[in-house]
There are 2 protein chains.
Amino acid sequence: MAKRNAFYAQSGGVTAVINASACGVIETARQHKQTIGKVYAGRNGIIGALREELIDTSKESAKTIAALRYTPAGAFGSCRYKLKSIEANRAEYERLLEVFKAHDIGYFFYNGGGDSQDTAHKVSQLSEKMAYPLTCIGIPKTVDNDLPLTDNCPGFGSVAKYVAVSTREAGLDVASMCESSTKVFILEVMGRHAGWIAAAAGLAQEEQGDPPHVIIFPEIAFDQKKFLAKVKRSVSDNGYCVVVVSEGAHYADGRFLSESGGKDAFGHAQLGGVAPAIATMVKESLGYKYHWAVADYLQRAARHIASATDVEQAYAMGQAAVEFALAGKNAVMPIIVRKAGKTYRWEVGQANLADVANVERKMPRNYISADGFGITDACRDYLQPLIQGEDYPPYKNGLPQIARLKKVMVAKKLKPFVV
Amino acid sequence: MAKRNAFYAQSGGVTAVINASACGVIETARQHKQTIGKVYAGRNGIIGALREELIDTSKESAKTIAALRYTPAGAFGSCRYKLKSIEANRAEYERLLEVFKAHDIGYFFYNGGGDSQDTAHKVSQLSEKMAYPLTCIGIPKTVDNDLPLTDNCPGFGSVAKYVAVSTREAGLDVASMCESSTKVFILEVMGRHAGWIAAAAGLAQEEQGDPPHVIIFPEIAFDQKKFLAKVKRSVSDNGYCVVVVSEGAHYADGRFLSESGGKDAFGHAQLGGVAPAIATMVKESLGYKYHWAVADYLQRAARHIASATDVEQAYAMGQAAVEFALAGKNAVMPIIVRKAGKTYRWEVGQANLADVANVERKMPRNYISADGFGITDACRDYLQPLIQGEDYPPYKNGLPQIARLKKVMVAKKLKPFVV
C-alpha cells in the first residue's frame, strides 16, 4: 500500500474516555508509518475537515499522546454538527473529499455515536461513487450506550461508574440526615431516550434497602401516583428515599417531566431540570424535606473515577480501527463482543457502518423490574463488568493532570469554506 | 482516673471524612481501655443521647472501625437539631446529663460545626454547675470551612478537591463542545454564607484562560451587569465560559439569586437552585447555549476523591480529642495549626469551646480578586495544600467499599424522652 495520511475526528457529546480512543488511533498509526503517514485531527470534529482546520498530531510528543489516555473530553474539539443527506447538501461531502485529497488523506476515522456512523457511512459511499480511494472506519463512542450490535459503548462504563459511586455516596449522606432533615434525595442523570445511565445507579444497591430506592427510566411512562406511593413506602421502610431519574423521563403523553410548566420572573418557560420538578412534586404531595442534584457534564467528564474496563475498551476500539484499516477493511466499525461464560471476557468484533447508522438501542423490558422503578438481575449481570476496575489519572498539586496539546495546524491549501 | 465510658456524636451536615474522625476517636479510646471504658455513639447525633439511643461501638470489630476511615457521611447518623439555650430548655440539658449518668459517661466528644461547639460548651458549663464530672471535647467538622481559630476544617479539603477536580473535568468538556454547542457552563456548589467551596474551584486554573472563568461568592454582592460583561468577555477570549457559583450568591439587597421569582405549574414559588437562575440570565441577555450542574450532596459525600490531607487531619482531630480528654483538658477543641514556612506543615493545636462557638469565618477580601470574580494568589496559597494527596477507598465490584456497622444498641435504663 502507498503511504497516505489519516484523518481522525471526535463527534458529538464527549466522554471521559474518547481521548483514550484517540490515543489508540495515534499510537497504533505511529507503529505503521510505512502505511499511514501523518494523523491529522479535525479541529472541532468534522467542522475541522470542512474548514480545512487540521491539527498535525505528528507534532505532539509520545508523552503527550500517551496522556490522552487519561484526559477527559475531546482534546481536539468535538462538535454537534450533523451532515445532511448527500442529496440535501452534496457540497459538504464534496468539500470533505476535496480537503482529504488536498492533504492526501486515505483514512477517515470517525469517533462518535449513531449520527456520526451514519455520516461515516455516507462519506464512504460517496468516495466510492467519486472514485476517491478512502478507507472509512467508525469508532464507537457514546455515554448513552445506545449503539446497536456492540455489547456496550466506550464512554458508558465510566459514566455508569460515576453514577453508581455517586448514588452510593450521596445515599449514605441522606441516610445520615434523614431522622431530622432531608428524607428524599433526587439525582438527575443523562439519557434522553435510553435509561442505561439511570440503570447503572442500581449497581450501588448491594443489600436490601440500599439506595437507590427508585429509578425513573425514559423507557417507562411516568406514573405520578405510583411514583409517589413508592417514595412514601421507601421513607416508611428505610427512613429515606433516593431517586435517580433520567433527564428523558416523561409522561405517557410524551411530555417531559422537566417541562414543569413553570415560568420565570420574565414569564418565560422555566429552564429547569427534571430533578427540581420531581422535588416539587414530592414536596407538594408528601411534604418531605428534599435535596436534589443534577450531575450534567460532571458525569461524562469524570475521568477521575473512570472504569478501567471502559478505558481499556476505548483504547482498544481506536487501536482496532487502525488495524482494520491496515487490513484493508472499509465502511466498518470495531465493536465490543462479550464472550459467553460466567467470567466477563470480551473481544473486538466488527460491524458494518450500514447496520450501525441511526439505530438506537434502548433498555430491554426484562432489564427493568416489574414495577418499572428498578433493575433486574439480568440488567445487573450486564452492567456489572462495565464499571469494573479503577484507572486513576496521575495527580499534581492535588489535581488530575491532562494532556496539554500544542495543536500545530496544517497549512491550508484550499479556499475557505463557510460552515 | 477511674474508668468511665465515652459518648461520641456526629452533628449537622455530614462530610466525606467525619467518619475518619470517629475512627480516630474510637481507635484511640481502644488504646486506653484502663481510662475509657466503652465508646457509645449517639444514634442520629445528639438526638440519640436525648432518646437514650446509644450504639455500643465496642461490638464493632477492629476491621469495621478501621473501615470508617474511608466511609463517607455519618455512620452513626447525624442530625439537624440545635439545643436551645439552657434558660429556654433546661430540661433537655438535664436529660443529657441524666443519660450520661445512667451509662456512666464521663467523656463527651461532639463532632460538628459552630452550633455544635456551642452546645458542647453549654453542656460543659451545666455539668460543672450540677457537679456532674464530665469532660467535654469538641471535634471540628464542616465542609463550609467557617470555624474560627482552626486553620481549616476537616471535611472542607475533600469537598474543595471534588469541586476543583470537577471544574477542571467539566471545563474540558465545555471547551470541546463550545465551537458548535454549549458556550456557558454553570456549576452550583455549597456555601450559604462563606465562599470557601466556590473559591476552591479556582485551583483548577493552572494556565491563563483555564476554567473557571467566573466565581460568584456570597461575600460579594452580585452585580448582574458586571457578571454578564465578564461572561461575554470570557466567551470572546476563550470561546466559552465556566461559572462556579455559591448557593449563597445574593444581590446587594440580600435577595438570593436562587429566589428567581419563578412560579411552578401550581403557582408556588420555584424551588430552583442558583445555577438554573444564572443560566436563565445568561440565555436571556446573551443568548448563549448553556448547561448547568448542581453538585449538592455529591460534593460533600465524595469520599472517592477525598483529599489525603483532609482524611489525615480528620483522623488526627478525633485522636487528639481523646488525647486531650486523657490529659485532663476540658471544654476545648483540637484545631489545625499551619506552621510557618514555604512547605506546608501542620500540627494539632487547641481552642477553647467558648471562643469557637457561634463565630463564622468568611473569606477575607484579599482572597478575592479585585473584580470580585476570582481568587488571589494568597487564596491559592492557602487552599492548595488542603486538596493535596489522594486517599482512595478500597473497591469491590467496581464500587467503593464502606463500613457496615452492626449498630448494637445499649439497653435503655431510663424512661422515654420525647424529642
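Rules used throughout
Residues numbered from 1 in each chain as written. Chains lettered and ligands numbered in written order. Predicted model: local features only at pLDDT ≥ 70, side-chain atom pairs only at ≥ 80, totals over all residues. Heavy atoms only, no water. Helix = DSSP H or I, 4+ residues; strand = E, 2+ residues; numbered from the N terminus. Buried < 20%, exposed > 50% of the residue type's maximum accessible area, 1.4 Å probe, protein only. Areas by Shrake-Rupley, 256 points an atom, 1.4 Å probe, with all protein chains shown as cover. Lys, Arg positive; Asp, Glu negative; His and termini not counted. Charge placed at Lys NZ, Arg CZ, Asp CG, Glu CD. Least-squares fit on C-alpha atoms with pLDDT ≥ 70 in both. Contact = heavy atoms within 4.5 Å. Buried area = accessible area lost by both parts, 1.4 Å probe. Salt bridge = Lys/Arg side-chain N within 4 Å of Asp/Glu carboxyl O. Polar contact = N/O pair within 3.5 Å; in protein donor to acceptor, adjacent residues only side chain to side chain. Nonpolar A, V, L, I, M, F, W, Y, C, P; charged D, E, K, R; others polar. Expected span 1.5 Å × (residues − 1). Core = buried A, V, L, I, M, F, W, Y, C linked by side-chain atoms within 4.5 Å. Pairing = 2+ DSSP bridges. Right-handed = clockwise from strand over helix to strand, strands pointing away. Phe/Tyr/Trp six-rings, centres within 6.5 Å; stacked < 30°, edge-to-face > 60°. Lys NZ or Arg CZ within 6 Å of the ring centre and 35° of its normal. Axes fitted to C-alpha atoms, helices over the stretch in contact; angles between N-to-C directions. Parallel < 35°, antiparallel > 145°, perpendicular 65-115°, else oblique. pLDDT = per-residue confidence, 0-100. Disulfide = S-S within 2.5 Å.

*Asks:* Would you mind going over the overall build of chain A in detail, with residue names and values included?
*Replies:* Across its full length, chain A carries 13 helices and 13 strands. Considering only C-alpha atoms, chain A reaches an extent of 70 × 50 × 45 Å along its principal axes. By the burial criterion, 64% of the 419 residues in chain A qualify as buried. Surface exposure of chain A reaches about 14,700 Å², of which carbon and sulfur atoms provide 49%. Taking the average place of the 50 positive charges on the side chains of chain A and the average place of its 43 negative ones, the gap between the two points comes to 5 Å.

*Asks:* Quick one: what's the story with the relation of the copies chain B and chain A, residue by residue and with numbers?
*Replies:* For the pair chain B and chain A, the superposition axis carries a translation of 0.0 Å, the fit reaches an RMSD of 0.0 Å, and the rotation angle comes to 180 degrees. On this basis, the relationship between the two copies can be described by a two-fold rotation axis. By residue overlap, the copies meet face to face through one surface: 100% of the interface positions of chain B are interface positions in chain A.

*Asks:* I'd like a description of the interface of chain B and chain A, backed by residues and values.
*Replies:* Tallying the contact residues gives 81 residues for chain B and 81 residues for chain A. Summed over both partners, the interface of chain B with chain A comes to about 6,900 Å²; 56% of that surface belongs to carbon and sulfur atoms. Across the chain B-chain A interface, the total number found is ten salt bridges. Inspection of the chain B/chain A interface yields 31 residue pairs in polar contact (both at pLDDT 80 or more). Elements represented by at least two residues in the side of chain B that touches chain A include exactly α6 (156–177), β6 (184–189), α9 (274–286), β9 (290–294), α10 (297–301) and β13 (399–400) of chain B. No other element matches α6 of chain B, which puts 13 residues into the side of chain B that touches chain A. In the side of chain B that touches chain A, the residues fall into 35 nonpolar, 28 polar and 18 charged.

*Asks:* Which residues make up the pattern of salt bridges, and what values go with them?
*Replies:* All names here are of chain A. For the structure shown, the criterion picks out 38 salt bridges over all chains. The salt bridge partner of D104 is R4, with a shortest N-O separation of 3.3 Å. A residue pair is termed long-range when its members are at least 10 positions apart, and D104 in the loop between α4 (90–102) and β4 (105–112) and R4 in strand β1 (residues 4–10) qualify at 100 residues. Across the pair E98 and R95 runs a salt bridge whose closest N-O atoms are separated by 3.8 Å.

*Asks:* Residues and numbers for the environment of V17 of chain B, please.
*Replies:* All names here are of chain B. Looking at the element boundaries, V17 is found in the loop between β1 (4–10) and α1 (18–30). On a C-alpha basis, the gap between V17 and A194 in space is 20 Å, while along the polypeptide they are 177 residues apart. The residues contacting V17, other than those within four sequence positions of it, are P154, G155, S158, D310, V311 and A314.

*Asks:* Lay out α1 of chain B in plain terms, naming residues and giving numbers.
*Replies:* All names here are of chain B. Given a rise of 1.5 Å per residue, 13 residues ought to cover 18 Å, and the 19 Å separating the end C-alpha atoms of α1 matches this to within 8%. Within α1, eleven of the 13 residues are buried, leaving the element largely enclosed by the surrounding structure. Listed in full, the buried residues belonging to α1 are I18, N19, A20, S21, A22, C23, G24, V25, I26, T28 and A29. Close packing links the buried residues of α1 with β1, β2 (36–42), α3 (62–67), β4 (105–112), β5 (135–140) and α11 (308–326).

*Asks:* Break down the nonpolar core for me, with residues and values.
*Replies:* Among the nonpolar cores identified, the biggest contains 91 residues, and Y162 and F185 of chain A together with Y162 and F185 of chain B are the most heavily contacted of them. Beyond its immediate chain neighbours, meaning those up to four positions away, F185 of chain B contacts D296, Y297 and L298 of chain A together with A170, V174, C241, V242, V243, H291, W292 and A293 of chain B. In terms of nonpolar packing, the next biggest core, distinct from the first, is built from 52 residues, F222, A249 and M281 of chain A together with Y251 of chain B among them.

*Asks:* I'd like to hear about the environment of S258 of chain A, residue by residue, with values.
*Replies:* Mapped onto the fold, S258 of chain A is located in the loop between β8 (241–246) and α9 (274–286). Spatially, the C-alpha atoms of S258 of chain A and I278 of chain A are 8.5 Å apart, while their sequence positions differ by 20 residues.

*Asks:* Give me the pairing of β4 of chain B: which residues, what numbers.
*Replies:* Residue and element names in this part refer to chain B. Counting buried residues along β4, eight of its eight residues qualify, which places the element largely inside the surrounding structure. Here β1 pairs with β4 via six bridges, running parallel. Within β4, the residue paired with Q10 across the bridge is N111. On the question of chirality, the crossover connecting β4 to the parallel β5 by way of helix α5 (residues 114–129) is right-handed.

*Asks:* Could you give an account of the packing of aromatic side chains, with specific residues and numbers?
*Replies:* One pair of aromatic rings is described through two measures. These are the centre distance and the angle between the planes. The tally for this structure, following the rule as stated, stands at 27 aromatic pairs over all chains. On the numbers, 5.5 Å between centres and 50 degrees between planes, the contact of F100 of chain A with F108 of chain A is tilted. An identical accessibility class is assigned to F100 of chain A and F108 of chain A; each is buried. Taking NZ or CZ as reference, R192 of chain B lies 5.0 Å from the ring centre of F256 of chain B, over its face. The aromatic ring of F324 of chain B is capped on one face by K329 of chain B, whose charged end is 4.3 Å from the ring centroid.

*Asks:* Outline the packing of helix α4 (residues 90–102) of chain B against α5 of chain B, listing residues and values.
*Replies:* All names here are of chain B. Remark: α4 packs on α5, axes separated minimally by 10 Å, with the N-to-C direction vectors making an angle of 75 degrees. Judged by the angle between their axes, α4 and α5 are roughly perpendicular. Only K122, V123, L126 and S127 of α5 make contact with α4, whose side of the interface consists of R90, Y93, E94, L96 and L97. Looking at side-chain class alone, the contact of α4 with α5 contains five nonpolar, one polar and three charged residues.

*Asks:* Describe unusual backbone geometry, with residues and values.
*Replies:* Along the chain, P211 of chain A connects to P212 of chain A via a cis peptide bond; the corresponding omega equals 0 degrees. Residue placement: P212 of chain A occurs in the loop between α7 (196–201) and β7 (214–216).

*Asks:* Can you lay out the side chain of S181 of chain B for me, pointing to particular residues and giving the numbers?
*Replies:* For S181 of chain B, the position within the fold is in the loop between α6 and β6. At 3.2 Å, the side chain of S181 of chain B and the side chain of K289 of chain B are in polar contact. For S181 of chain B, the residues in contact, after removing those within four places along its chain, are R80 of chain A together with K289 of chain B.

*Asks:* Outline the confidence of the model for chain A, listing residues and values.
*Replies:* Do not read the predicted coordinates in detail wherever pLDDT is low. Residue and element names in this part refer to chain A. When pLDDT is averaged along chain A, the result is 94; 97% of the residues meet or exceed 70. Contacts from residues 264–271, a stretch scored under 50 in pLDDT, to residues over four places away or in other chains number 20 contacts. With pTM at 0.97, the complex prediction returns an ipTM value of 0.96.

*Asks:* Outline the side chain of S158 of chain A, listing residues and values.
*Replies:* Residue and element names in this part refer to chain A. The topology assignment puts S158 in helix α6 (residues 156–177). Within the local environment of S158, its side chain forms a polar contact with the side chain of D310, the two groups lying 2.7 Å apart. Those residues in contact with S158 that lie beyond four places of it in its chain are A16, V17, I305, A306, S307 and D310.

*Asks:* Break down the state of the cysteines for me, citing the residues and quoting the values.
*Replies:* Residues and elements named next belong to chain A. Taken as a whole and judged by the stated rule, the model has zero disulfides over all chains. Among the cysteines around C178, which has no disulfide bond, C241 carries the closest sulfur, lying 11 Å off. Assessed through its relative accessible area of 10%, C178 is described here as buried.

*Asks:* Can you explain the packing of helix α8 (residues 224–238) of chain B against α9 of chain B? Please cite residues and give values.
*Replies:* Residue and element names in this part refer to chain B. The geometry of α8 relative to α9 is characterised by a closest axis approach of 11 Å and an angle of 70 degrees between their N-to-C directions. In terms of axis orientation, α8 runs roughly perpendicular to α9. Facing Q224, F227, L228, V231 and K232 of α8, the residues of α9 in contact are I278, M281, V282, S285 and L286. Grouping the amino acids of the contact of α8 with α9 by side-chain chemistry returns seven nonpolar, two polar and one charged.

*Asks:* Describe the pairing of strand β6 (residues 184–189) of chain A, naming the residues involved and giving the relevant values.
*Replies:* Residue and element names in this part refer to chain A. Of all six residues making up β6, six are buried, and the element is well covered by its neighbours. In β6, alternate side chains face the same way, and those of V184, I186 and E188 on one face and F185, L187 and V189 on the other are all buried. Where β6 and strand β9 (residues 290–294) come together, five bridges link them in parallel fashion. Paired with E188 across the two strands is V294, which belongs to β9.

*Asks:* Help me get a handle on α9 of chain B, residues and values and all.
*Replies:* Compared with the 18 Å implied by 1.5 Å per residue over 13 residues, the 18 Å span of α9 of chain B between its first and last C-alpha is a close match. Looking only at α9 of chain B, the buried set comprises V274, A275, P276, A277, I278, A279, T280, M281 and V282 of chain B.

*Asks:* Run through the environment of I278 of chain A, naming residues and quoting values.
*Replies:* With respect to the element layout, I278 of chain A can be found in helix α9. In this structure, the C-alpha to C-alpha distance between I278 of chain A and L187 of chain A, residues 91 residues apart in sequence, is 9.9 Å.

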